[in-house]
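Geometric and topological summary
Residue-level listing of the chains:
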Amino acid sequence: MAGKTLYDKLWDDHLVTQRDDGSALIYIDRHLLHEVTSPQAFEGLRLANRKPWRLDANLATPDHNVPTTDRDKGIDGIEDPVSRIQVETLGENCEEFGILEFELMDQRQGIVHVIGPEQGAILPGMTVVCGDSHTSTHGAFGILAHGIGTSEVEHVLATQCLVQKKMKNMLVRINGNPGPGVTAKDLVLAVIGEIGTAGGSGYAIEFGGDAIRGLSMEGRMTVCNMAIEAGARVGMVAVDDTTIDYVKGRPFAPTAAQWEQAVAYWRTLHSDADAVFDKVVDIDATAIKPQVTWGTSPEMVAGVDGLVPDPADESDPIKREGIERALKYMGLTANMPITDIKLDRVFIGSCTNSRIEDLREAAAVVKGRKVAATVKQAMVVPGSGLVKAQAESEGLDKIFVEAGLEWRDPGCSMCLAMNADKLGQGEHCASTSNRNFEGRQGFGGRTHLVSPAMAAAAAVTGHFVDVRELTH
Amino acid sequence: MRAFTQHTGIVAPMDRSNVDTDMIIPKQFLKSIKRTGFGPNLFDELRYLDEGKPDQDASQRPLNPDFVLNQERYRTASVLLARSNFGCGSSREHAPWALDDFGFRVIIAPSFADIFYNNCFKNGLLPIVLAENIVDQLFQEVEAEDGYQLTVDLLAQTVTTPSGAVFSFEVDGFRRHCLLNGLDDIGVTLEDADRIRAYEEQRRQTAPWLFNTLS
Ligand code: SF4
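Small disclaimer: the values here were computed from a predicted structure and weren't measured.

**Brief notes about the interface of chain B and chain A**
The partner chain A presents 80 residues to the 64 residues of chain B that form the contact. Three residues, K31, W209 and L214 of chain B, lead the burial of chain B against chain A; their summed loss comes to 14% of the area buried on that side. Connecting chain B to chain A are seven salt bridges. A salt bridge links R440 of chain A to D22 of chain B; the shortest N-O distance between them is 3.2 Å.

**A closer look at a negative patch on the surface**
Residue and element names in this part refer to chain A. On the surface, a cluster of negative charge is contributed by D76, E88, E92, E95 and E103. Looking at where D76 falls in the secondary structure, it is placed in the loop between β4 (58–60) and α3 (81–97). You can call D76 exposed: its relative accessible area is 59%.

**Points about helix α8 (residues 193–206) of chain B**
All names here are of chain B. Look at α8: 20 Å from first C-alpha to last across 14 residues, which is about the 20 Å you get at 1.5 Å a residue. Those residues of α8 lying buried are A193, I196, Y199, E200 and R203. Buried residues in α8, looked at end-on, bunch into an arc of 120°, giving them a common side. Exposed and facing more than 90 degrees away from the buried side of α8 are D194 and Q205.

**A few points about the site of the ligand**
Surveying the vicinity of the ligand reveals the residues H64, H113, D132, H134, S350, C351, C412, C415, L416, N434 and R440 of chain A. Its residues placed into classes, the shell around the ligand shows four nonpolar, five polar and two charged.

**Section: the environment of S315 of chain A**
With respect to the helices and strands, the residue S315 of chain A is situated in the loop between β14 (301–303) and α11 (317–330). Relative accessible area serves as the criterion here: at 65%, S315 of chain A is assigned to the exposed category.

Quick notes on the rules
Residue positions within a chain follow its written sequence, with the count starting from 1. The lettering of chains begins at A and the numbering of ligands begins at 1, in the order of writing. Only residues with pLDDT of at least 70 get local features here, since the model is predicted, and only at 80 or more are side-chain atom pairs given and counted; chain-wide, interface and lining totals rely on the full set of residues. Each side-chain value is worked out from all heavy atoms of the structure, with water and hydrogens disregarded. Residues count as neighbours in contact if any of their non-hydrogen atoms are within 4.5 Å of one another. Throughout, the accessible surface (probe 1.4 Å) given up by two parts as they are put together, summed over both, is called the buried area. By definition, a salt bridge exists where a carboxyl oxygen of Asp or Glu is found within 4 Å of a side-chain nitrogen of Lys or Arg. For patches, a residue must show more than 30% relative accessible area and have no salt bridge; joins then use 9 Å for like charges and 5 Å for nonpolar side chains, namely Val, Leu, Ile, Met, Phe, Trp and Tyr. Per-residue and other accessible areas were derived by the Shrake-Rupley procedure at a 1.4 Å probe size, with only the shown protein chains allowed to occlude residues. Charged-residue counts in this description rest on Lys and Arg as positive and Asp and Glu as negative, His and the chain ends being excluded. Taken as the charge location is NZ of Lys, CZ of Arg, CG of Asp or CD of Glu. Helix and strand definitions here come from DSSP, where helices need a minimum of 4 consecutive H or I residues and strands a minimum of 2 consecutive E residues; each element is numbered from the N-terminal end. Note on exposure labels: buried denotes an accessible area under 20% of the residue type's maximum, exposed denotes more than 50%, and partly exposed covers the range between, all computed with a 1.4 Å probe on protein chains only. A helix's residues, less one, multiplied by 1.5 Å, set its expected span. Taken from the helix axis, the directions to the C-beta atoms give the arc we talk about. Whether a residue is near a molecule or strand depends on its heavy atoms: it is near if one of them lies within 4 Å of it. Charged residues are taken to be Asp, Glu, Lys and Arg, nonpolar residues to be Ala, Val, Leu, Ile, Met, Phe, Trp, Tyr, Cys and Pro, and polar residues to be all remaining types, Gly included.

Encoded structure:
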């Protein structure tokens, strides 16, 4: 019999019961909640007179709607009454049902996918779900993690389980080591460019290869975060020393004898050498350049030294129309160099790139430079209150502010513009987030996805530039 | 949940691939704490010429005449014909809520994004995967014929065209069962409560750290 993949192992260890019709009941170890996708689920529990199955499996925080300025005003700082109700509703629901919440004024508050790992509430070998598609982030720890809809949020609250069908196994191997200036974000954008936004549909992707092994946990989270942009609900990386070192000593991590027991188990969380994958994709890391998306889907991506594509070169009529529509929306012309794209705003943040290493990377580029006069606004939004405090203790906030960037309070912010931070119509934004869909960052806004270093380089030059020209 | 057995309705063609959930229902409408009322804002940015805001009277807004659902012949559509990877992006269940609230009961496409596909079933909405060439053919037929309707039978797992052509589709057994009977799947899962407890008991022995309390 062939060996097991990491996904097979995680699946088997969480299987409560396999049903005759092919579906299975899978046990959920950790459930993260935020204000946008949970109110209707709590309401459903109340209407059916149900209680949460296991309170201590849940952890909540508000992030999508929270303001990134004037945090000291607390909930009163949320000017939009509809947003405020949503944040308040989360608080009331957590209080009523007895769920731990990092509230707005708690230093541990932040983007749900940043705070879980930061606290050690996310541990290798778990199953983790959240009413948010970027839950794939947690797969970086050798975890089966994926986004769910609100009905499933209610289902997990009520039963601690999900009805699932097993996915297929895909291995994305990124071979060799990327050159300097090429980050985790560039790797994952290149993968999406290669396999497309539906390439991972129906699969659980395991990321492997030297380039992944060489990444820090934060880099691996960036990669797994965007698995969903390749169509895969699940992205994963095998456990190794990097994983275990990261978890050690975090507030909710096990200690003493439990720690030893846990580590022994975690060390088994990798695909066996003879495991069989339904699909394997090999990618050469040494050929990857800093990436920039030019279109309205994350697969519409090019190296910074490349050109905006010409729809005339595309033979598939549906794809050609897609490119034409994207160029029109983005206000770009075929064959123009990526480096000719000028930016109105720059956003450094989101669950993809708002951790301390991301901020260090961006600060290193802007240090001693100034935001270009043509850029209306450049902002840095740390992923959590603790990331913010860490950055301030390293003096990164001063570097940003001296360079002319705004230093904000933690939250999702301009990643999806549910709070006050958004793009104006037609504005181009260099953004470290994960989605460049039409209108994502504001009505008529034009998003270009890049790494923190590339966003920082764009901020100080006013257009895209190969960050390696500034740093080497 | 509303049961689904058979449905016949007007078909609207949405001729673009990779339609994402931000497009189906933009984020400003996600601030609601209710499940209903999203219909007027379905495809908001494509449907209206101005920027949509929550709690606004949509009937007063300027419509984009080019958008398919604004054309007279498609206004009462209940079957959406779409292209590949429909529903990609965010996990927001507001997307199926908005489609449902508008009046859609069935979505037909060559492929769907996983989370969206799953969310549809939880809301009595049936997503149907048909081969690319069949979807192409349906697009041509819809555009050629005013009032074009399809009949979908979940029991027989078939889609029937006005000319009598029949296409079968696959659907997972459990989902089909729940949808046909309008079952609340939390209730179904809780029938296995003993199994869940037994699993927890065994897991507590082998991996006790998973049950530590958060505080
Ligand atoms: S940062 Fe963006 S992608 Fe991440 S959870 Fe928040 S809104 Fe979603």
